[in-house]
Every structure is written in structure tokens, then in C-alpha cells.
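Working through the structure, step by step
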Amino acid sequence: MGLFLKDIDLKGKTALVTGATKGLGRGTAIAIAQAGGNIIAVGRNQLELNSLEKIIKKLKVKYKSINCDVNDYNKIKRFISNLKSLDILVNNAGTNIPEPFLNVKKSSMETILNVNTKAVFNVAQLCANQIIKLKKKNGSIINISSIFGIVAGQKRTVYSMTKFGVEGLTKGMAIDLAKYNIRVNSVCPNIVLTPRTKKYFADKTYNKYVKENTPLNKVVTVSDVATSVVFLASEASSMITGTSLIIDGGWTAK
Amino acid sequence: MLKKINLKNKIALVTGAGKGLGKACAIALAEAGARVIIISRTQSDLNKVSKIIKKTKGSSRSFVCDVTDVNAFKVILNKIKKLDILVNNAGNNRPEHFTKVKRENMEYLTNLNMKAVFNIAQLCSQKMVKFKNRKKIGGSIIHMSSQLGKVGCEGRNVYNMNKFGVEGLARGMACELAKYNIRVNTVCPTFVETPMVKKFFKNKKFKNKMLKNIPLGRVAKESDVATAVAFLAADTSEMITGTSLVVDGGWTAQ
């Protein structure tokens, strides 16, 4: 800790990360561990949970995981309400099925809404209750949102509906949880290069669309987002709550 | 995965660096390894800040200058070889009810909070883009805005006008300077424990009323804001441009 520069340090803290096996969730879990935080990983692929364990344990922090679908309310509730330590939630699990509005299938809409909205709410509520139950002096919840929580994009009606919702939830939670000194923020990345988005970027038109809409003319990396999440998770941001950290190379500034 | 706030080999200029937030930012940037150029109207304030920076093993150069004096500022810039970071901080406030705002106060505040902010940003940007490696090493400009650049508040109409303006300027600059890899963002603090705010808070009724608007129930510390500025100055935020980092304890979330 300097005179005016606060450390971004998570030593002794425990963070639960959903969707931790791939992409943003996996990167964020690693970044949190690099900052000294213990990891509780929630994911649906046991092999990937195991390979993550190897990486996290090398960083000399504790690791715990559960193979669980965030939609499975009873299973996730049992798990979270039995945690002995919890300070941070990275509410990351999410999905997308891009379709033009007129052709959005009912099943796609329901799949996206279940994960991006309902499960996000449930996991947030369960973790907030657990942080309070454990009598933590402070806590931090980071909802992984998107630039499509701020603006619209092609074939993103359902995704925007859910991510605008997450933005609203973030502000509402921040107000209700302030008295427990639990801060709640979102990060809003542009389209990040991850295993899920790789197939979008394979399309030349899409690639061009993203680059042309990003004034910095670069693709956001997992490391860019993970670093911001760690900043929001740490006490370096102890007065930041109810807001969004937009990581979009200028996309939404236009 | 995790990027650290590291400003080694960077040169940062901070205006209004003699007191309050500017002073805190200058010291924080120096703590992160930057060489800092501090600007203020008051030599004795600059001396104190230089001394603190020296004590923390940082490096600084100071210049006495009123930022509304464009020609004097140009002379200073000519003495500097390279510039990577600008913290466009100098500003002031004279709260008055809209119907009672004196013309001279409106002009004083607008000259300082908008015209000088624009001029300093333009001159520094011109200096930054001239550096031939700019695209590779990047640059960062941080305007000191306010939560009152996001929402209105009684007696703050001129300040609102100025800070909303700065929010617009930051977005426009971000779009135009992206091709040079210069990022432009704002920091929007709530009331901070600074000499300026201490003066306002002598009015206890006002203080209590303001604190009620901050869900976290406390004012920000100078280090909260300075750390956010350092985060935006460093490569930790290399894909963040054209946005605001709101450090307001939840004020604007409501």
C-alpha cells in the first residue's frame, strides 16, 4: 500500500467464479489466483475443472470446484450455502445464440434467459446471503455484462435484453447491499476472443464488423477483462459500486 | 493473465497538482513508477508535493502555471521531451442556485473547467502524437470529471454543465485519438475528502444530506480516486477508452 496508490491484492480472499472452465471465467479465475485469491470454480466440464485446478494450485492458493449447471438451483444452493469462506463472486456463466429478431426460436430465447438472467440473479442472491452470513467486513460482486448491456447489436436482441437486465440488477443490488459493504459492479467488454466467440470471428464479415466498430482497432483479450475484474474485486476499488467498467476500445463512445 | 499497474518509463503531467486530488494523483502515478510533471499556481504547494514524491523514491519536475494561461502552458510543454499521460485535473466549483448564479462565477468556472481543460488536452495530445513510437507504446488521458458529470444536483448547475461537457469531450477525443493508441477516459468521483470539499462540508446539514446520497455511507478518499486514475493511466486498462470510471459509492446508481 502506497501513500495514494492502493494495491490490487486479493490475499486471504475467496472468490467464486461461475462458468470457470473456459474463456473469460477461466482467465478471471487465474488472474484472481495471481492476485493471491482462493478459487471456487463452478463449471460443467470435469476435465476442464481438473486442468484448471492444476494451474490454480501452482499459484499457491486454495482451489475448490463443483461440477454443476448454474441452472440447477437446488444443487448450487446447497453448495453455496455450505461454503466456509466467500468474499467475491464473479457472476460469469452466460451464453448467446445470435439470431435475427424475427427468427428467434422460443427455445433459444428461453435458454439464454435462463442462464443470463435467472441463474445470474439466483447465484448473486445466494452468494450475497452467504457473504452476509459469514459476517465479512466487505465483499465484491462482479457481474459479467457486455457492451450489449449498453447498446444494441445485430442479432443480439435476446442477449441485449438479458444484459441490459444485468445492468439494472447490478445497480439495484448495489443499493440493497451497500449497508453490508458489499459492492456490486459489472464489466462490459466488447466481443472478447474466447472459445465461444472464435467461431464468430472466423466469419470475415463479422471480424471486419468488430474491428471497424472498435476505434482502438484491436480485439479485447481475456486478460484485459480479467484485470478489470480483479481491480473491482479488490479493495483498490472500495468506493466503486453500482457502476459498469466498459472495456470496449471505444465501441460505445461513438 | 493479470496485468499490473506499472508506469515505469512513462512521463505523466498532472494539472492542479498542488492540492487535493491532483496532488494525490501525482503521488500515486509516481508510486507506480512514472516520472511526473506537476503543475500548479502555487510554488509552495508544488514544493511540498515534490518533497513527498522524492521521499517515496519517485521523480518529479514542477512548473508554476495557471492553466487558463495557454501561452504559459505552451512554454512549459516545450521544455518537456516526451509525454505519455495527462491527468487533466485542475478545476473548481462555486455552488450557487441557478437563478442566483453570478455571471462572473459562471465565466470563471467555465473558463477553468471547460476552456482550459480543452486547451490543455489539445496541447498535450499534439505533443503526444508527435512521438514516433506512440502507436506502439500508447498514451492515456484522464479528465477529472465528477458524479455531477452524470447526474444533476442542487446548486451545481454550472459545475453540471462543465462536467457533462467534459464527459462529451472525453468521448469525442477517444474516437479521434484511438488511431494513435491514445486512450481518453474520465474519472467521476463523488465527494472526496479534499480541501475543497472540506470547505463545503463545514455546513453540517449539507454534509449529512450528501452522505445520505452515497449508499456506501462514506465519502471517497483521495487514494480511491488516485488509484482509479493510475489504473486508467496504465496498460491495465489498455482496451478501455471513451468511458468513465465512476467512483461514487453508488450515488449515480440510484
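1. Let's talk about the interface of chain B and chain A
Each partner contributes residues to the interface: chain B has 47 residues there, and chain A has 46 residues. For the pair chain B and chain A, the two sides together bury roughly 4000 Å², of which 68% comes from carbon and sulfur. When the buried area of chain B at its contact with chain A is split by residue, Met 1, Leu 2 and Met 239 of chain B rank highest and sum to 22% of it. Here Asp 224 of chain B makes a salt bridge to Lys 6 of chain A, at a shortest N to O gap of 2.4 Å. Those elements that provide at least two residues to the side of chain B that touches chain A are α1 (20-31), α6 (157-177), α9 (222-233) and β7 (244-247) of chain B. Top contributing element to the side of chain B that touches chain A by residue count: α9 of chain B, with eight residues. For the side of chain B that touches chain A, the per-class residue count stands at 25 nonpolar, 13 polar and nine charged.

2. Brief notes about the side chain of Thr 170 of chain A
All names here are of chain A. Positionally, Thr 170 belongs in helix α5 (residues 157-177). One polar contact links Thr 170 to Asn 143, side chain to side chain, over a distance of 3.1 Å. Those residues in contact with Thr 170 that sit more than four places away from it in its chain are Asn 143, Val 184, Asn 185, Ser 186, Gly 242 and Thr 243.

3. Quick word on the packing of helix α1 (residues 23-34) of chain A against helix α2 (residues 46-58) of chain A
Residues and elements named next belong to chain A. It is at 10 Å that the axes of α1 and α2 come closest, and there the two elements cross at 25 degrees. Between α1 and α2, the angle falls in the class roughly parallel. Helix-helix and strand crossings are classified by hand; for α1 and α2 the assignment is right-handed. Residues Arg 26, Ala 29, Ile 30 and Ala 33 of α1 form the contact with α2, whose participating residues are Glu 48, Ser 51, Leu 52, Ile 55 and Ile 56.

4. A few points about the packing of α1 of chain B against helix α2 (residues 43-55) of chain B
All names here are of chain B. Orientation of α1 relative to α2, taken along the N-to-C sense of each, is 25 degrees, at an axis distance of 10 Å. It follows that α1 is roughly parallel to α2 by the angle criterion. α1 and α2 meet at a crossing whose hand is right-handed. Judged by residue contacts, Lys 23, Ala 26, Ile 27 and Ala 30 of α1 engage Val 49, Ile 52 and Ile 53 from α2. For the contact of α1 with α2, the per-class residue count stands at six nonpolar, no polar and one charged.

5. Examining the sheet that holds strand β2 (residues 38-43) of chain A
All names here are of chain A. Reading across the sheet, the seven strands line up as β3-β2-β1-β4-β5-β6-β7 and stay open at both edges, with parallel pairing between neighbours. Across the chains shown, the open sheet's two edge strands, defined by having one partner strand only, are β3 (63-67) and β7 (244-247). Mean inter-strand twist for the sheet, computed between neighbouring axes without regard to direction, equals 15 degrees. In this structure, strand β1 (residues 14-18) lies alongside β2, joined through five bridges in parallel fashion. In the sheet register, Thr 14 faces β2, and the bridge partner there is Asn 38. In the packing of helix α8 (residues 222-233) onto the sheet, the strands contacted are β4 (88-91), β5 (139-144), β6 (182-189) and β7, and the crossing angle to β6 comes to about 165 degrees.

6. Examining a positive patch on the surface
Residue and element names in this part refer to chain B. A surface patch of positive charge is lined by Arg 35, Arg 61, Lys 79 and Lys 81. In this structure, Lys 81 sits in the loop between α3 (70-78) and β4 (85-88). Classification of Lys 81 as exposed rests on a relative accessible area of 84%.

Conventions we followed
Residues numbered from 1 in each chain as written. Chains lettered and ligands numbered in written order. Predicted model: local features only at pLDDT ≥ 70, side-chain atom pairs only at ≥ 80, totals over all residues. Heavy atoms only, no water. Contact = heavy atoms within 4.5 Å. Buried area = accessible area lost by both parts, 1.4 Å probe. Salt bridge = Lys/Arg side-chain N within 4 Å of Asp/Glu carboxyl O. Helix = DSSP H or I, 4+ residues; strand = E, 2+ residues; numbered from the N terminus. Nonpolar A, V, L, I, M, F, W, Y, C, P; charged D, E, K, R; others polar. Polar contact = N/O pair within 3.5 Å; in protein donor to acceptor, adjacent residues only side chain to side chain. Axes fitted to C-alpha atoms, helices over the stretch in contact; angles between N-to-C directions. Parallel < 35°, antiparallel > 145°, perpendicular 65-115°, else oblique. Left-handed = near helix turned anticlockwise from the far one by under 90°. Pairing = 2+ DSSP bridges. Patch = residues over 30% accessible without salt bridge, like charges linked within 9 Å, V, L, I, M, F, W, Y side chains within 5 Å. Areas by Shrake-Rupley, 256 points an atom, 1.4 Å probe, with all protein chains shown as cover. Lys, Arg positive; Asp, Glu negative; His and termini not counted. Charge placed at Lys NZ, Arg CZ, Asp CG, Glu CD. Buried < 20%, exposed > 50% of the residue type's maximum accessible area, 1.4 Å probe, protein only.

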